[in-house]
Amino acid sequence: MNRLFKGTRLFVFTLILSLIAALVPISTANAAYNLVWSDEFNGTAIDGNNWSFETGTGSGGWGNNELEYYTNRSENARIENGNLVIEARKESYGGMNYTSARLKSQGKQSFKYGKIEARIKMPKGQGLWPAFWTLGSDIGTVGWPKSGEIDIMEHVNNENNTHGYIHWDVNGHASYGGASHSVDVTQYHVYSIEWTSSAIKWFIDGVQFKEANIANNVNSTEEFHKNHFILLNMAVGGNWPGSPDGSTAFPAKMFVDYVRVYQDGGTTPPSSGIVNGGTYKLINATSGKALDVAGAGTAPGTNVQIWSDNGSGAQKWTLYQNADGSYKLINVNSTLALDVSGAGTSDGTNVQAWTDLGNGAQKWNIVQNGDGTYKLINTNSGKALDVSSSGTADGTNVQIWTDNGTGAQKWTLVKL
């Protein structure tokens, strides 16, 4: 169901055509993918490089007559024992009688195609409405439903199933989807979609329960051939579930063990993801120069800089994925890791080559930008790999700096 205006569901044009509902037997997911991004929720706080909060009551209860006030308080959203916990509470706040949380990756992480999954357990209860879903990244300019929406998992009330839907525009709101097979939502399950240029398929624990055909923009489904961002929330009340009653237990907690995004295996980013164990040169977008170990040095503490692309080992980096989804970058010439000096967290902290230790100073989240370049976010500091003062001269220093989206922080990954 539409997480913005689900109250319109009974009154809008809904396409149910053979072109949209591919009549296939229940199957299991079996495509080969590379992990390109994840949040394992193993830290001490919600990662601001991945998520921001939507707060307040939205327009008309987020268009659905919902009854909660979304906050950014730890009472409503926090990291706890390796999970993101979204907690709905019965309390007076901001003129409403319930609070909860709604997180989104808008402007931080967005994806087109691939396998998007989360391991979740959630409460049952009249009036509870947890969800894991996406919206088109252009929603701020085109609005809903032209942005498109993919509901990967929604659950309402005390049902023994979840729901998967898509929403888009065909001279008005169109939707397609339906209920899953039976599942105990109070236990952990992996909820996912496999999204290609041809179809969107819904799965629980690898078992498919729905499929929508989007090949060649059939039925005006162009909304599903562009980047989307991810949302996690738990609504209270609204047109679909109705209001809580005396049987509803509060506080009600939704636990998210992880969110992961995979894309098809291949040889070069960005079209087919980063190859684990692949060797790359990293070319800075502003300067056109390569990430380089100064003087082809091999001693721990050797400075990292930019230099004219010369194809030497000092400019070749092998990317190995860590268990948490981040990457370490090992220089081919020195076998040293790309490292933030002293595990620093301040703007301007130097980047160097250092013995591979596996710590946060050497872990980098590699995030695709809308233009196909990448930013590298250090997991310890939360800051981006940056060319000092946006310099373009050979030997310009490389450092960490607050993520600002400039060309000094954009890198083209060229597979060697």
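Structure shown above.
Going along each chain's sequence as written, the residues are numbered from 1 onward. Owing to the predicted nature of the model, reporting of local features is limited to residues with pLDDT of at least 70; listing and counting of side-chain atom pairs is limited to 80 or more, with chain, interface and lining totals taken over all residues. Just so you know, side-chain values use all the structure's heavy atoms and leave hydrogens and water out.

A.B. asks: So what exactly am I meant to see when it comes to the nonpolar core here?
C.D. replies: Within soluble globular proteins, side chains that are nonpolar tend to cluster in buried spots. Here, the term nonpolar core denotes a set of buried Ala, Val, Leu, Ile, Met, Phe, Trp, Tyr and Cys residues that are joined through side-chain atoms within 4.5 Å. Under the scheme applied here, a residue whose accessible area is under 20% of the maximum for its type counts as buried, over 50% as exposed, and between as partly exposed, the area being computed with a 1.4 Å probe on protein chains only. Ranked by internal contacts, the top residues of the largest apolar core, which has 47 residues, are Ile-120, Phe-132, Leu-232 and Val-259. We call two residues in contact whenever any of their non-hydrogen atoms come within 4.5 Å of each other. Beyond its immediate stretch of four places on either side in the chain, Ile-120 contacts Phe-132, Met-153, Gln-187, Tyr-188, His-189, Tyr-191, Leu-232, Met-254, Phe-255 and Val-256. Core analysis: the second largest hydrophobic core is formed by 30 residues, Val-293, Ala-353, Val-387 and Val-398 among them.

A.B. asks: Looking at this model, I keep getting lost on empty space enclosed by the protein. Mind explaining?
C.D. replies: Any empty space left between atoms is shown by rolling a water-sized probe over those atoms. Cavities and pockets are found on a 1 Å grid laid over the protein atoms alone: a cavity is a set of points where a 1.4 Å probe fits but cannot escape, a pocket is an open set with protein on both sides within 12 Å along at least five of seven lines, and a lining residue has an atom within 4 Å of such a point. Grid points are joined across faces, edges and corners, and a volume is the space filled by probe spheres set on the points. Overall, the coordinates contain 2 cavities of 30 Å³ or more when judged by the stated rule. In this structure, the largest cavity is lined by 11 residues; those nearest its centre are Val-36, Phe-111, Ile-366, Gln-368 and Tyr-374. The way it works is that DSSP assigns letters per residue, a run of H or I at least four long becomes a helix, a run of E at least two long becomes a strand, and they are numbered from the N terminus. Those elements giving two or more residues to the lining of the largest cavity turn out to be strand 1 (33–39) and strand 25 (364–368). Here the element with the most residues in the lining of the largest cavity is strand 25; it accounts for 3 residues. Residues belonging to the lining of the largest cavity are distributed by class as follows: 6 nonpolar, 5 polar and no charged. Roughly 40 Å³ of internal volume is contained in the second largest cavity. Lining the second largest cavity are Val-36, Trp-37, Ser-38, Gly-325, Tyr-327, Asn-365 and Ile-366. Breaking the lining of the second largest cavity down by element, the ones donating at least two residues are strand 1 and strand 25. By residue number, the principal contributor to the lining of the second largest cavity is strand 1, which donates 3 residues. In this classification, the charged set is Asp, Glu, Lys and Arg, the nonpolar set is Ala, Val, Leu, Ile, Met, Phe, Trp, Tyr, Cys and Pro, and all remaining amino acids, among them Gly, are polar.

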